[in-house]
Amino acid sequence: MDISLSGGALAGTLAALLVLFIVMILVLRNVYSKRTEKALQGEYQAADNADKSYLLNRAKYERLDVFSLSSTFFNFGLALAVGLSLLAFGWTQYSKEIFIPDGALELDEEIEMEPPRTAEPPPPPPPPPPPVIEEVPEEELIEEDPPEFEDTSIDEETVMEAPPEVKEEAAPPPPPPPPPPPPKPKVEEIFKVVEQMPLFPGCEDMGSYAEQKACADKKMLEFIYGNIKYPAIARENGVEGMAVVSFVVEKDGSVTDAKVVRNPGAKTGEEALRVVELMNTKGLKWSPGKQGGRNVRVQFNLPVKFKLE
């Protein structure tokens, strides 16, 4: 037996059962109250049991014995418990339908950087203060005595003394040359278009590459638009548009170097970047791109459309 109930249907059924149970309690309470009043007035002191001893009766008023309906209450409780169990097992939580806009993966080949929108441009800086001109006092010219000239002429009788010899000390040996700088780490090339583009995980068991790509694109869009949260500031200001996040799918399938290359503003680009980085947080590994039969690094540009419903 296939029973599937939504949360609203289950709540309505439980509310109806609760009302029915309360009504039944009130009805039985009213019936037994009336019987008790009649018994106290002596209506049930008839001679039906006059020939029997009161010790043989199990109750003071046999016709008011509430235990006579114990089997009925037991069966009702059993049926109620079974019904509640069936309702509990039949409660089904339906997954929310993910809205994927038309042409979600359509993207222009050339991506131009768009600065985020701002309400008003910043004011220009204030002009610099004017320079302060200080008066320089005039300097007094001090007359100096003319220099005395010394006669340096020589003749045949002048004796010239040779300067003392200066012994040159040996120069220290030159320092050894510095070691050569370490070689720069080899940065592997990042491809934009390869023979087999990277694929979102979850479709590895499909047959051809075309089937895997169609399935991977669908799962990727379901992941993106299933985790995206429209920013409150963008919803309040009616901001719509397409944000583009660029990232690199490494050889091991991890996502690195994620950045926003097109931002409509109002926190939409940051939200798209958060969802892309969520792939590594949840441990999702892409099928890496292949070029010439080997895994290579591939740049992937992902458009995310924000549209108010």
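Going by the structure above, here's the rest.
Residues numbered from 1 in each chain as written. Predicted model: local features only at pLDDT ≥ 70, side-chain atom pairs only at ≥ 80, totals over all residues. Heavy atoms only, no water.

Tell me about helix α5 (residues 268-281), and please be specific about residues and values.
In an α-helix, one turn spans 3.6 residues, which is why side chains three or four residues apart end up on the same side. Spanning 14 residues, α5 covers 20 Å between terminal C-alpha atoms, matching the ideal 20 Å at 1.5 Å per step. Burial in α5 covers these residues: Thr268, Gly269, Glu271, Ala272, Leu273, Val275, Val276, Leu278 and Met279. Following α5 by one or two positions, Gly283 has its phi on the positive side, about 70°. (Helix = DSSP H or I, 4+ residues; strand = E, 2+ residues; numbered from the N terminus. Expected span 1.5 Å × (residues − 1). Buried < 20%, exposed > 50% of the residue type's maximum accessible area, 1.4 Å probe, protein only.)

Explain the packing of aromatic side chains to me, using residue names and the numbers behind them.
On inspection of all chains with the given rule, the structure shows six aromatic pairs. Between the aromatic rings of Trp286 and Phe300, the centroid separation amounts to 5.3 Å while the plane-to-plane angle is 65°, which identifies the pairing as edge-to-face. On the criterion of sequence distance, the pair formed by Trp286 in the loop between α5 and β4 (289-291) and Phe300 in strand β5 (residues 294-306) is long-range, its members being 14 residues apart. Like Phe300, Trp286 is buried. Pairwise contacts between aromatic rings join Phe200, Phe223, Phe247, Trp286 and Phe300 into one cluster. (Phe/Tyr/Trp six-rings, centres within 6.5 Å; stacked < 30°, edge-to-face > 60°.)

I'd like a description of the pattern of salt bridges, backed by residues and values.
Scanning all chains against the criterion turns up three salt bridges. Two residues, Asp217 and Lys213, come together in a salt bridge whose shortest N-O distance is 3.7 Å. One end of the pair is Asp217 and the other is Lys213, both in helix α3 (residues 209-227) and four residues apart, which spans about a single turn. By relative accessible area, Lys213 is classed as partly exposed at 32%. With a shortest N-O distance of 2.7 Å, Glu271 and Arg274 are connected by a salt bridge. Of this pair, Glu271 and Arg274 both sit in helix α5, three residues apart, which is roughly one turn of the helix. (Salt bridge = Lys/Arg side-chain N within 4 Å of Asp/Glu carboxyl O.)

Before we move on, can you summarise the state of the cysteines with the specific residues and values?
Within the structure shown, the criterion is met by one disulfide. Each sulfur of the disulfide joining Cys203 and Cys215 lies 2.0 Å from the other. The sign of the -65° torsion about the S-S bond sets the Cys203-Cys215 disulfide as left-handed. You can see Cys203 sitting in the loop between β1 (190-191) and α3 and its partner Cys215 sitting in helix α3, a full twelve residues away along the chain. Accessibility assignment for this pair places Cys203 and Cys215 in one class, buried. (Disulfide = S-S within 2.5 Å.)

Could you give me a rundown of a nonpolar patch on the surface, with the residues and numbers involved?
On the surface, Leu14, Leu17, Leu20 and Leu84 cluster together to form a nonpolar patch covering roughly 320 Å² of accessible area. A per-element tally of the nonpolar patch places helix α1 (residues 7-40) first, with three residues. Counting through the fold element by element, Leu84 comes out in helix α2 (residues 70-90). (Patch = residues over 30% accessible without salt bridge, like charges linked within 9 Å, V, L, I, M, F, W, Y side chains within 5 Å. Areas by Shrake-Rupley, 256 points an atom, 1.4 Å probe, with all protein chains shown as cover.)

Break down unusual backbone geometry for me, with residues and values.
Trans is the common state for peptide bonds, and a negative phi is the common state for residues other than glycine. In the Ramachandran plot, Ala266 falls in the positive-phi region, its phi being about 60° despite a non-glycine side chain. For Ala266, the location among the structural elements is in the loop between β3 (255-262) and α5. Located in the positive-phi region is Lys267, a residue other than glycine, with phi close to 70°. By the secondary structure assignment, Lys267 is in the loop between β3 and α5.

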